[in-house]
Amino acid sequence: MTPHVIEPDPQAGAAVKAADRAHVFHSWSAQGLIDPLAVAGAEGSYFWDYDGNRYLDFTSGLVYTNIGYQHPKVVAAIQEQAGKLATFAPAFAVDVRSEAARLIAERTPGDLNKIFFTNGGAEAVENAVRMARLHTGRHKVLSAFRSYHGATSTAINLTGDPRRWASDTGSAGVVRFWAPFLYRSPFYAETEAQECERALAHLEDTIAFEGPATIAAIILETVPGTAGIMTPPPGYLAGVREICDRYGIVFVLDEVMAGFGRTGKWFAAEHFDVVPDLMTFAKGVNSGYVPLGGVAISEEIAATFATRPYPGGLTYSGHPLACAAAVATIQVMEDEKVVEHAARIGETVLGPGLRELAERHPSVGEVRGMGVFWALDLVKNRETREPLVPYNAAGEANAPMAAFGAAAKKNGLWPFVNMNRTHAVPACNVSEDEVKEGLAALDAALAVADEHTV
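Nothing here was measured: the structure is a model prediction, and the numbers come from that model.

Caption draft 1: Geometry of the sheet that holds strand E7 (residues 215–221). If you walk across this open sheet you meet the 7 strands as E4-E10-E9-E8-E7-E5-E6, and the pairing is mixed. On the outer flanks of this sheet lie strand E4 (114–118) and strand E6 (174–177), each paired with one strand and no other. Along the sheet, successive strands turn relative to each other by an average axial angle of 20°, direction set aside. Along the sheet, helix H4 (residues 95–107) contacts E4 and strand E9 (278–281); its crossing angle with E4, the most-contacted strand, is approximately 120°.

Caption draft 2: Representation of the packing of helix H13 (residues 399–410) against helix H14 (residues 432–450) in the model. Packing of H13 against H14 leaves a shortest axis separation of 8 Å and a crossing angle of 155°. It follows that H13 is roughly antiparallel to H14 by the angle criterion. As for how H13 packs across H14, the hand of that crossing is right-handed. Here Ala403, Phe404, Ala407 and Ala408 of H13 lie close against H14, whose contacting residues are Leu442, Ala445, Leu446, Val448 and Ala449. Classifying every residue of the contact of H13 with H14 by side-chain character gives 9 nonpolar, no polar and no charged.

Caption draft 3: Up close: the pattern of salt bridges. All chains considered together, the criterion is met by 22 salt bridges. Arg163 is the salt-bridge partner of Asp161, the closest N and O atoms lying 2.8 Å from each other. Since its relative accessible area comes to 9%, Asp161 is described here as buried. For Arg163, a relative accessible area of 26% translates into the label partly exposed.

Caption draft 4: Structural detail: helix H11 (residues 320–335). Between its first and last C-alpha, H11 extends 22 Å over 16 residues, near the 22 Å set by a 1.5 Å rise per residue. Following H11 by one or two positions, Lys337 has its phi on the positive side, about 50°.

Caption draft 5: Expanded view of the sheet that holds strand E1 (residues 39–43). Spatial ordering of the open sheet is given by E1-E2-E3-E14, a layout of 4 strands whose pairing is mixed. Two strands bound the open sheet, and with one partner strand each, they are E1 and strand E14 (413–414). Two strands pair when backbone bridges link them, and strand E2 (residues 46–49) and strand E3 (residues 54–57) are joined in this way by 3 bridges, in the antiparallel orientation. For Trp48, the partnering residue across the bridge sits in E3 and is Arg54.

Caption draft 6: Local environment of unusual backbone geometry. Phi is positive for Tyr188, close to 55°, though the residue is something other than glycine. Among the structural elements, Tyr188 can be located in the loop between E6 and helix H7 (192–210). One non-glycine residue with positive phi stands out, namely Ser287, at about 60°. Note on placement: Ser287 falls in the loop between E9 and strand E10 (293–297).

Caption draft 7: Structural view of the packing of aromatic side chains. In this structure the tally under the stated criterion is 12 aromatic pairs. Centroid distance Tyr55 to Trp414: 5.1 Å. Interplanar angle 80°. Geometry classified as edge-to-face. Of this pair, Tyr55 sits in strand E3 while Trp414 sits in strand E14, placing them 359 residues apart in sequence. For Tyr55, a relative accessible area of 10% corresponds to the buried category. Here the aromatic rings of Phe305 and Tyr310 are separated by 5.2 Å at their centres, their planes lie at 75°, and the arrangement is edge-to-face. In this pair, the class of Phe305 matches that of Tyr310, namely buried. Site record: aromatic cluster; members linked through ring pairs are Phe260, Trp266, Phe267 and Phe281. Sitting above the plane of the Trp28 ring, Arg163 keeps its charged end 5.1 Å from the centroid.

Caption draft 8: Molecular detail of the pairing of E6. Across the two faces of E6 the burial is the same, with Val174 and Arg176 and Val175 and Phe177 all buried. Of the pairings in the sheet, the one linking strand E5 (residues 140–144) to E6 comprises 4 bridges and is parallel in character. By the bridge assignment for E6, Leu142 is matched with Val175. After leaving E5, the chain enters helix H6 (residues 153–158) and then returns to the sheet as E6, a path that is right-handed.

Caption draft 9: Representation of the nonpolar core. One finds Ile218, Leu220, Tyr236 and Leu354 to be the most contacted residues of the largest nonpolar core, which totals 106 residues. Broken down by element, this core gets its largest block of residues, 11 residues, from H11. Residues in contact with Leu354, not counting those within four places in the same chain, are Val367, Trp374, Leu376, Ala424, Leu439 and Leu442. Within the second largest apolar cluster, 24 residues are counted, among which are Phe116, Val141, Val174 and Ile301.

Basis of the calculations
Residues numbered from 1 in each chain as written. Predicted model: local features only at pLDDT ≥ 70, side-chain atom pairs only at ≥ 80, totals over all residues. Heavy atoms only, no water. Pairing = 2+ DSSP bridges. Helix = DSSP H or I, 4+ residues; strand = E, 2+ residues; numbered from the N terminus. Axes fitted to C-alpha atoms, helices over the stretch in contact; angles between N-to-C directions. Contact = heavy atoms within 4.5 Å. Parallel < 35°, antiparallel > 145°, perpendicular 65-115°, else oblique. Left-handed = near helix turned anticlockwise from the far one by under 90°. Nonpolar A, V, L, I, M, F, W, Y, C, P; charged D, E, K, R; others polar. Salt bridge = Lys/Arg side-chain N within 4 Å of Asp/Glu carboxyl O. Buried < 20%, exposed > 50% of the residue type's maximum accessible area, 1.4 Å probe, protein only. Expected span 1.5 Å × (residues − 1). Phe/Tyr/Trp six-rings, centres within 6.5 Å; stacked < 30°, edge-to-face > 60°. Lys NZ or Arg CZ within 6 Å of the ring centre and 35° of its normal. Right-handed = clockwise from strand over helix to strand, strands pointing away. Core = buried A, V, L, I, M, F, W, Y, C linked by side-chain atoms within 4.5 Å.

Below you can see the structure in the form of structure tokens.
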């Protein structure tokens with residue numbers, strides 16, 4: 001792809017910013033305290049503003065542009081579909097919808113062969129939980145504290161981070177538990193094997209005290225994303241699968257962020273040789289070009305609704321433009337071997353580069369991840385592992401992370417920053433040179449974080 005020539009137009013940028021501030025209500029924000037960047041365009045792994053500043057995007061949008069911005073084959077597929085059949089109701093069989101479902105089902109593990117389409121990840125979680133409750137006749141759902149599952153009613157109650165607090169009714173049938181995370185172990189474990197064993201014992205205890213016959217589902221992000229990219233220890237997900245089988249609990253894996261090549265496999269579940277009963281997806285399914293998500297459903301749960309109507313649906317379920325983007329994206333990923341590339345770049349360039357930064361920067365407490373899905377856990381003190389900023393810090397308390405983020409942007413890198421972490425989550429087809437450029441910018445930004453260590 002030929003690099004785009006950036007022609008600054010500050011006047012146009014000012015007009016975009018003025019209209020945004022006058023009329024757009026932004027998510028997760030105090031409206032009067034934000035200053036959104038006016039974006040003029042994007043291509044591949046980069047985007048730029050109206051002042052001519054170009055940024056290497058180490059966030060992949062919101063971890064969804066898995067094949068980068070403006071891939072010409074996906075753009076062309078959307079344009080072609082718009083000319084052929086721009087929209088159609090979900091109750092009909094439409095060729096591009098059927099093809100998208102077939103391609104997704106071919107790549108999901110096990111017998112997850114039925115696809116229910118949604119508009120995004122949160123709706124996928126909502127419907128997966130509804131299916132599990134109807135299938136089992138039970139109501140409770142167990143989810144992990146360190147998690148994010150979306151912002152709709154059930155999804156936000158399942159979420160484990162502070163964004164839940166304002167909407168947590170305490171009556172949504174959700175029970176939270178501690179999933180494994182050795183670096184900040186809630187189980188005082190010293191090894192991955194201990195962490196796995198103790199986390200599974202804790203989960204079993206939670207189930208026992210809640211009453212196994214009351215629990216419809218356990219939902220886990222295969223590899224938690226926004227909460228910190230904590231790769232589960234060997235045996236943990238298989239252990240959860242066994243517990244679910246023993247108690248007749250539906251096992252739901254949330255692959256909204258980890259799926260479609262992000263971890264170096266089509267789905268992260270492949271790394272752990274585990275097959276859930278339901279799997280949610282979105283984001284990378286079509287690189288976010290048109291909103292699309294869904295639930296991949298096992299044969300057993302699909303059979304529940306063979307003669308019993310499923311009481312759920314969406315006006316835009318399987319929207320033709322979104323499905324055309326998915327078909328094209330999956331084909332591009334196959335043709336260009338994007339999944340294999342993500343695995344290789346993580347193993348040979350991104351992972352080693354991040355670990356090398358950790359050796360030189362005292363602010364880096366831990367590096368963890370796989371594929372193009374990595375996190376740096378930033379700390380005040382490596383020995384105590386005290387986070388660089390307090391949990392859910394804001395304002396002056398968050399100043400060290402704000403300074404880090406500003407330094408990254410000054411060096412042409414748009415970072416993913418959450419609490420005391422920065423995540424390195426570029427496009428799955430990011431080049432080796434682009435990764436090295438990003439690592440150099442991180443190197444400079446981490447020097448700023450180092451100033452806040454003790």
